[in-house]
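Descriptive structure summary
What follows is each chain in one-letter form.
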Amino acid sequence: MSESVMSTGTLPDLMGITITEMSPQRVVGTMPVKGNTQPFGLLHGGASCVLAESLGSLGASAHAAELFGGIALGVDISATHHRSARSGLVTGVATPLHLGRSVATYEIVITDEGGARICTARLTCTLRKIESKSA
């Protein structure tokens, strides 16, 4: 499975994020460093947060969909940037710390092509039912 993470023109799409595995228990995706750097040529910390939130939100949304046909909305993210990258792809792996009925929390580990940890993030999402629109 290698596909765009979201609809064309969304932030994850514009950043080149690709999903390679997705379930409530594990979401894996990659992002190129090129085009996602800060002025010093290093991977931008905000880009790591976008990758982390994208992966964690997809896992939480898959969980909410299985539970009650719902969706997930990020409400809190924290990230520790251990080192950076100058080129290649970074890979993020999101795994759940808590899968509840109203809240899901994921840990997202981002590594470089050599397997060195770039960032560790934690994302909490609220789970919501999709509201129907009446005509």
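A brief structural summary. (Residues numbered from 1 in each chain as written. Predicted model: local features only at pLDDT ≥ 70, side-chain atom pairs only at ≥ 80, totals over all residues. Heavy atoms only, no water.)

**Considering the overall build of the protein**
- Each helix and strand counted, the protein has two helices and seven strands in total.
- Its helices and strands taken in sequence order, the protein reads β-α-β-β-α-β-β-β-β from the N to the C terminus.
- Computed over the C-alpha atoms, the radius of gyration of the protein is 15 Å, within 12% of the 14 Å expected from 2.2 N^0.38 for a compact globule of 135 residues.
- Across the 135 residues of the protein, 39% fall into the buried class.
- At a minimum sequence separation of 6, the contacts of the protein that also span at least 24 residues come to 59%. (Helix = DSSP H or I, 4+ residues; strand = E, 2+ residues; numbered from the N terminus. Rg over C-alpha atoms; globule rule 2.2 N^0.38 Å. Buried < 20%, exposed > 50% of the residue type's maximum accessible area, 1.4 Å probe, protein only. Contact = heavy atoms within 4.5 Å.)

**A few points about helix 2 (residues 45-68)**
- Compared with an ideal rise of 1.5 Å per residue, which puts 24 residues at 34 Å, helix 2 spans 34 Å between its outermost C-alpha atoms and is within 8% of the ideal.
- Positive backbone phi, at 70°, marks Gly69, one or two positions downstream of helix 2. (Expected span 1.5 Å × (residues − 1).)

**Examining the pattern of salt bridges**
- Tallied over the full model, the rule gives one salt bridge.
- One salt bridge connects Arg26 with Glu21, and the closest N-O pair in it is separated by 3.0 Å.
- In this structure Glu21 comes out as partly exposed when scored by relative accessible area, which is 33%. (Salt bridge = Lys/Arg side-chain N within 4 Å of Asp/Glu carboxyl O.)

**Thoughts on the pairing of strand 7 (residues 117-128)**
- The buried fraction of strand 7 amounts to nine of the 12 residues, a majority that puts the element mostly inside the structure.
- Bridging between strand 4 (residues 71-81) and strand 7 involves 10 bridges; their strand directions are antiparallel. From the neighbouring strand, Asp76 faces strand 7, where its bridge partner is Thr124.
- Judged from the nine bridges that link them, strand 6 (residues 103-111) and strand 7 form a sheet pairing that is antiparallel. Pairing of Ala104 across the sheet is with Cys125, part of strand 7.
- The turn linking strand 6 back onto strand 7 is made up of five residues, and Gly115 within it adopts a positive phi angle of 90°. (Pairing = 2+ DSSP bridges.)

**Quick look at the nonpolar core**
- Within the largest apolar cluster, 29 residues are counted, with the highest numbers of intra-cluster contacts made by Met31, Val90, Ile108 and Ile110.
- Elements with a minimum of two residues in this core: strand 3 (26-32), helix 2, strand 5 (89-99), strand 6 and strand 7.
- In terms of residue count, helix 2 provides more of this core than any other element does, eight residues in total.
- The residues touching Ile108, leaving out its near neighbours within four places in the chain, are Ala52, Leu55, Gly56, Val93, Ala94, Cys119, Thr120, Ala121 and Leu123. (Core = buried A, V, L, I, M, F, W, Y, C linked by side-chain atoms within 4.5 Å.)

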